[in-house]
Amino acid sequence: MADSDIKAMTAQIPGVDFEETSFTNPVSLNEATVAIVTSAALHHPDDEEFTMLDIGYRVLESSRHDYVLRHWSPNFDPTGFALDINTVFPIDRLQELADRNVIGKVAEQHLSYAGNQFDLSSIQLDSGPSGAQFLKDQGVDVVLLTPV
Amino acid sequence: MATIVFGSIKEQVESTAPPRALCCDFPLGRPLGEPQNPEFQHRVLESAFQLLQAEEPIIKEYDVSIPDTADEVLACPLPPRHDPDLHPALDEVRGLRPAYDRAIKKYGNRIGMGRAIDLENLEEAIAALIKITEGTPWKEAGIPGFPSRVSQDIRGYYETAALELSENAPKAWAGTRWFFNNTETGKLLMSARQTMADSGANQPIWFYMAPGDS
């Protein structure tokens, strides 16, 4: 049971071919609203559980720290998150950067997907753009994407 | 919006052609590197935010690695046998309960139980695994939920309890290896998984009961 073996197992899983890379230059970082999108299947305890083939997202509130990790894959170490949520979801670190005016502010809401998906077309078509619009409506400028 | 991807598998990051990505050779499950080390996490974030200055797509490799040597197992005591009439796994589960409760109180139920089973039916799940290893077909053994999800709950129970029994914060995968290799229930789960595989159960049913390389 080794990290390198798991990485080797998954390294060749094909990704999605994009015709072009979407590239955006944001506002200055010290004016930017920063959000996190994680594929760690985090949610709040009172949210709907992720089902096995769930392509949807859950909204994570900055003001709550009761995140639970409910990913369907057994192929990662969960104890880092158990000890410190910032290992996966660096919400406290972002707030510290905002307090020091390194970033403009932390978004009030963030997004979580379940990364254990094989049918990526539905995410491309539906829940991906929907999540992006959700963040844009909040005025988010910069997004950090964290996996497990 | 500008996006910055964190990734621990470089090939996967490259395959998605992201606008900005920071490849960190950190253990899976720890994209910011070290838990309970804000300075380390801030250095990773600083490196990520520097990518916003790029004028074209960029994939950068972070200059610090956290290797997993695959030989580190959590130094974690297990409860001594209490009731010799019980299956060792059931006896062990009961002995770990105080540590689990303390860990939940301290950290919250971040990775513990609640996917398919809770404390109320933990022993029912263990009993079902015992039946499988004793020859009962898995569909008739009474697993109280989808096998991989039940297994994650059992593993979560142990890895949560271990947080309170280990003197040091677990290195990545050390708790997982401790559970599957050292504990009675971990060995039972692996035996039940193998029995299910040998009996011809569909691969997704048994495969995801443990990490894929085990």
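Above this text you will find the structure in question.
Small disclaimer: the values here were computed from a predicted structure and weren't measured.

Rules behind the numbers
- Residues numbered from 1 in each chain as written.
- Chains lettered and ligands numbered in written order.
- Predicted model: local features only at pLDDT ≥ 70, side-chain atom pairs only at ≥ 80, totals over all residues.
- Contact = placed C-beta atoms within 7 Å.
- Helix = DSSP H or I, 4+ residues; strand = E, 2+ residues; numbered from the N terminus.
- Nonpolar A, V, L, I, M, F, W, Y, C, P; charged D, E, K, R; others polar.
- Expected span 1.5 Å × (residues − 1).
- Buried ≥ 20, exposed ≤ 12 C-beta atoms within 10 Å, placed from the backbone.
- Arc of directions from axis to C-beta.
- Axes fitted to C-alpha atoms, helices over the stretch in contact; angles between N-to-C directions.
- Parallel < 35°, antiparallel > 145°, perpendicular 65-115°, else oblique.
- Left-handed = near helix turned anticlockwise from the far one by under 90°.
- Core = buried A, V, L, I, M, F, W, Y, C linked by C-beta atoms within 7 Å.
- Domains from an automatic or database assignment.
- Pairing = 2+ DSSP bridges.

Q: Looking at this model, I keep getting lost on the interface of chain A and chain B. Mind explaining?
A: How big an interface is tends to be expressed through the accessible area that disappears when the partners come together. Contacts between the two partners involve 53 residues from chain A, matched on the other side by 57 residues from chain B. Sorting the residues of the side of chain A that touches chain B by element identifies α1 (3–11), β4 (68–69), α2 (79–83), α4 (121–137) and β7 (142–146) of chain A as the ones contributing at least two each. Looking at the side of chain A that touches chain B, the element that brings in the most residues is α1 of chain A, giving eight residues. Classifying every residue of the side of chain A that touches chain B by side-chain character gives 29 nonpolar, 14 polar and ten charged.

Q: It is not clear to me how helix α2 (residues 38–50) of chain B should be interpreted in this structure. Could you clarify?
A: Residues spaced three or four apart along an α-helix point in a common direction, a consequence of the helix completing one turn every 3.6 residues. Taking 1.5 Å of rise per residue, 13 residues should cover 18 Å, and α2 of chain B covers 18 Å from first to last C-alpha, within 8% of that figure. The complete set of buried residues in α2 of chain B reads Gln41, Val44, Leu45, Ala48 and Phe49 of chain B. All buried residues of α2 of chain B fall inside an arc of 135° around its axis, so they share one side. With respect to the buried face of α2 of chain B, the exposed residues turned more than 90 degrees away are Glu39 and Glu46 of chain B. Against the buried residues of α2 of chain B lie α3 (91–99) and β7 of chain A together with β1 (2–7) and β2 (20–23) of chain B.

Q: Hey, could you run me through the packing of helix α5 (residues 147–165) of chain B against helix α6 (residues 174–182) of chain B in this one?
A: Angle between the axes and distance between the axes: these two values describe a pair of packed helices. Residues and elements named next belong to chain B. Relative orientation of the contacting elements α5 and α6 amounts to 120°, with a least axis distance of 10 Å. When the interaxial angle is binned, α5 and α6 end up oblique. The element α5 and its partner α6 pack so that their crossing is right-handed. Of α6, the residues touching α5 (which contributes Arg155, Tyr158, Glu159 and Ala162) are Gly175, Thr176, Trp178 and Phe179. Each residue belonging to the contact of α5 with α6 can be placed in one class, and the counts come to four nonpolar, two polar and two charged.

Q: Please clarify how the environment of Thr146 of chain A should be interpreted in this entry.
A: Tracing the backbone through its elements, the reader meets Thr146 of chain A in strand β7. Each C-alpha atom, one on Thr146 of chain A and one on Ser112 of chain A, is 9.5 Å from the other, the two residues being 34 residues apart in sequence. When sequence neighbours within four positions are dropped, the list of residues in contact with Thr146 of chain A reads Ile36, Thr38, Ala40, Val88 and Phe89 of chain A together with Phe6 and Pro31 of chain B.

Q: Where do I start with the nonpolar core in this structure?
A: Counting residues in each nonpolar core, the largest one holds 99 residues, and the members touching the most others are Val34 of chain A together with Ala48, Ala125 and Ala161 of chain B. Tallying contributions element by element places α5 of chain B first for this core, with eight residues. Each of domain 1 (5–61) and domain 2 (88–207) of chain B accounts for three or more of the residues forming this core. Residues in contact with Ala125 of chain B, not counting those within four places in the same chain, are Ile117, Ile143, Pro144, Val150 and Ile154 of chain B.

Q: Can you walk me through the pairing of β7 of chain A in this structure?
A: Consecutive side chains along a regular strand alternate between the two faces of the sheet. In terms of burial, β7 of chain A is largely enclosed, as five of its five residues are buried. Side chains Val142, Leu144 and Thr146 of chain A project from β7 of chain A onto one buried face, and the interleaved Val143 and Leu145 of chain A project onto a second face that is buried too. As paired strands, strand β1 (residues 33–38) of chain A and β7 of chain A are joined by five bridges and run parallel to one another. For Thr38 of chain A, the partnering residue across the bridge sits in β7 of chain A and is Thr146 of chain A. One ladder, built from four bridges, connects β7 of chain A with β1 of chain B; its direction is parallel. What sits directly across from Val143 of chain A, in β1 of chain B, is Thr3 of chain B.

Q: What is the right way to look at the packing of helix α4 (residues 122–133) of chain B against helix α7 (residues 184–198) of chain B in this model?
A: All names here are of chain B. Relative orientation of the contacting elements α4 and α7 amounts to 50°, with a least axis distance of 9 Å. As far as their axial angle goes, α7 and α4 are oblique. In terms of crossing hand, the pair formed by α4 and α7 is left-handed. Along its contact with α4, which presents Ile126, Leu129, Ile130, Ile132 and Thr133, the element α7 presents Thr185, Leu188, Leu189, Ser191, Ala192, Thr195 and Met196.

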